[in-house]
Amino acid sequence: MPNRIVVLTGAGLSAESGLGTFRDKNGIWTRHRIEDVATPEAFARDPDRVHAFYNERRAQAAGARPNPAHEALARLQERHPGAVTIVTQNVDALHERAGATALHMHGELARSTCAACGHRWTAPETMHPRDPCPACAAQATRPDVVWFGEMPHHMDEIERHLLSCDLFAAIGTSGNVYPAAGFVQEAARAGARTVEINLEPTDVSGLFDDHLAGPASKVVPEWVESVLDAG
Ligand code: NAD
Ligand code: ZN
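Residues numbered from 1 in each chain as written. Chains lettered and ligands numbered in written order. Predicted model: local features only at pLDDT ≥ 70, side-chain atom pairs only at ≥ 80, totals over all residues. Heavy atoms only, no water.

To summarise the sheet geometry, strands pair through backbone hydrogen bonds and adopt either a parallel or an antiparallel arrangement. Strand order in the open sheet made by the 6 strands is S3-S2-S1-S7-S8-S9, with parallel pairing throughout. What marks the edges here is a single partner per strand, and that holds for strand S3 (102-104) and strand S9 (210-213). For this sheet the average axis-to-axis angle between neighbouring strands, irrespective of direction, equals 20 degrees. The pairing of strand S8 (residues 193-198) with S9 spans 4 bridges and is parallel. The partner of Val195 across the bridge, within S9, is Asp210. Along the sheet face, helix H7 (residues 155-163) touches strand S1 (5-9), strand S2 (84-88), S3 and strand S7 (167-171) and points at about 135 degrees away from the line of S3. In the packing of helix H9 (residues 216-230) onto the sheet, contacts are made with S1, S7, S8 and S9, and the angle to S7 comes to roughly 170 degrees. (Pairing = 2+ DSSP bridges. Helix = DSSP H or I, 4+ residues; strand = E, 2+ residues; numbered from the N terminus. Axes fitted to C-alpha atoms, helices over the stretch in contact; angles between N-to-C directions. Contact = heavy atoms within 4.5 Å.)

Below, the structure is given as structure tokens:
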């Protein structure tokens, strides 16, 4: 049985909790361009617009509930005798609400950070560019999310887990955004079996040993039971 498991999750995991993915019709991303709201340059140019975008996402995420896929992954983390590391690209808190712990490589909507001193704290419901930092008082408050062109969080720790895992699963992620898209190759190089769980094939499906197709809320609980049963 696999001892060390790394699970990478993406927007598809939270889709059935009502939080949109990149390609959702009518989704939030159809109304905003990355370069207007999700880059350091956008924030420098128009911080009010960027805060308004993330305030909307924070409000939307606050009302979302974990779905059976989040719950199954929490069960895997609790019951699997070996280590289960969940690495998520999602900025919502649905892994935590389901009772799991996750490394948020793209940050968290629920956190604020200070662009001047790096201090981090729990975000208020609505953030404004002129909110002073509680540590240094600079008016440089920003959402603690990783924008395009910025370095994802926890990369050293994630690399360590990838290099020692026996099983790697990528769930609900399109494999378009690096460095997460390269994790499957790192895990495979380390000797792990790899499985992709997605509604449909992705551009990187060919890199995985196994494929499970279908909605995460159905397929992930089945996969978790099979991994736990194998133990
Ligand atoms: P994504 O939107 O690129 O891909 C979502 C994937 O989930 C797709 O492959 C889709 O087939 C799959 N999916 C959708 N519904 C599903 C379901 N019910 N069950 C199983 N799979 C399902 O999201 P991603 O891969 O997480 O994107 C990576 C990063 O890109 C994100 O963390 C975010 O930082 C960024 N992102 C950016 C934008 C944007 O800037 N426009 C939009 C979304 C994500
Ligand atoms: Zn500060």
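So, about the domain arrangement of the chain. Examined at the domain level, the chain breaks down into domain 1 (1-18 + 66-106 + 152-231) and domain 2 (20-63 + 108-145). Relative to domain 2, the C-alpha centre of domain 1 lies at a distance of 26 Å. Taken residue by residue, the interface counts 11 residues in domain 1 and 12 residues in domain 2. Carbon and sulfur atoms supply 54% of the area buried between domain 1 and domain 2, which totals about 900 Å² over both sides. Its largest share of buried area at the contact with domain 2, domain 1 owes to Val91, Arg97 and His153, together 42% of the area lost on that side. Here domain 1 and domain 2 share 0 salt bridges between them. Our count for the domain 1 to domain 2 interface comes out at 3 residue pairs in polar contact (both at pLDDT 80 or more). (Domains from an automatic or database assignment. Buried area = accessible area lost by both parts, 1.4 Å probe. Salt bridge = Lys/Arg side-chain N within 4 Å of Asp/Glu carboxyl O. Polar contact = N/O pair within 3.5 Å; in protein donor to acceptor, adjacent residues only side chain to side chain.)

In the neighbourhood of ligand 1, 23 residues make up the surrounding shell, with Ala11, Phe22, Thr173, Ser174 and Asn198 lying closest. Between an oxygen atom of ligand 1 and a side-chain N or O atom of Asn198, the distance comes to 2.7 Å. Take Ala216: an N or O atom from its main chain is 2.8 Å from a nitrogen atom of ligand 1. A total of 830 Å² of accessible area belongs to ligand 1 in isolation, and the protein chains cover 90% of it. Here the element with the most residues in the shell around ligand 1 is helix H1 (residues 11-15); it accounts for 3 residues. (Near = heavy atom within 4 Å. Areas by Shrake-Rupley, 256 points an atom, 1.4 Å probe, with all protein chains shown as cover.)

Ligation of the zinc ion (ligand 2) by protein atoms is provided by Cys114 (SG), Cys117 (SG), Cys133 (SG) and Cys136 (SG), these donors lying 2.3 to 2.4 Å from the ion. One can describe the donor arrangement at the zinc ion (ligand 2) as tetrahedral, given that its 4 donor atoms subtend angles of 105 to 112 degrees at the metal. In primary sequence terms, the donor set of the zinc ion (ligand 2) follows C-x2-C-x15-C-x2-C. On the criterion of sequence distance, the pair formed by Cys114 in strand S4 (residues 107-114) and Cys136 in the loop between strand S5 (120-122) and strand S6 (141-145) is long-range, its members being 22 residues apart. Under the relative-accessibility criterion, Cys114 is labelled buried at 3%. Classification of Cys136 as partly exposed rests on a relative accessible area of 36%. (Donors = N, O, S within 2.8 Å, 3.2 Å for Na, K, Ca; no water. Tetrahedral: all angles 85-135°; square planar, octahedral: opposite > 155°, others 65-115°. Buried < 20%, exposed > 50% of the residue type's maximum accessible area, 1.4 Å probe, protein only.)

Once that is clear, we can look at the packing of helix H5 (residues 68-79) against H9. The packing of two helices is summarised by the inter-axis angle and the distance between the axes. Following both chains from N to C, one finds H5 and H9 inclined at 15 degrees, their axes separated by 7 Å at the closest point. Taken together, H5 and H9 sit at an angle that is classed as roughly parallel. Two packed elements cross with a definite hand, and for H5 against H9 that hand is left-handed. Across the interface between the two elements, Pro68, Ala69, Ala72, Leu73, Arg75, Leu76 and Arg79 from H5 touch Ala216, Ser217, Val220, Pro221, Trp223, Val224, Glu225, Val227 and Leu228 from H9. Class assignment of the residues belonging to the contact of H5 with H9 gives a composition of 12 nonpolar, 1 polar and 3 charged. (Parallel < 35°, antiparallel > 145°, perpendicular 65-115°, else oblique. Left-handed = near helix turned anticlockwise from the far one by under 90°. Nonpolar A, V, L, I, M, F, W, Y, C, P; charged D, E, K, R; others polar.)

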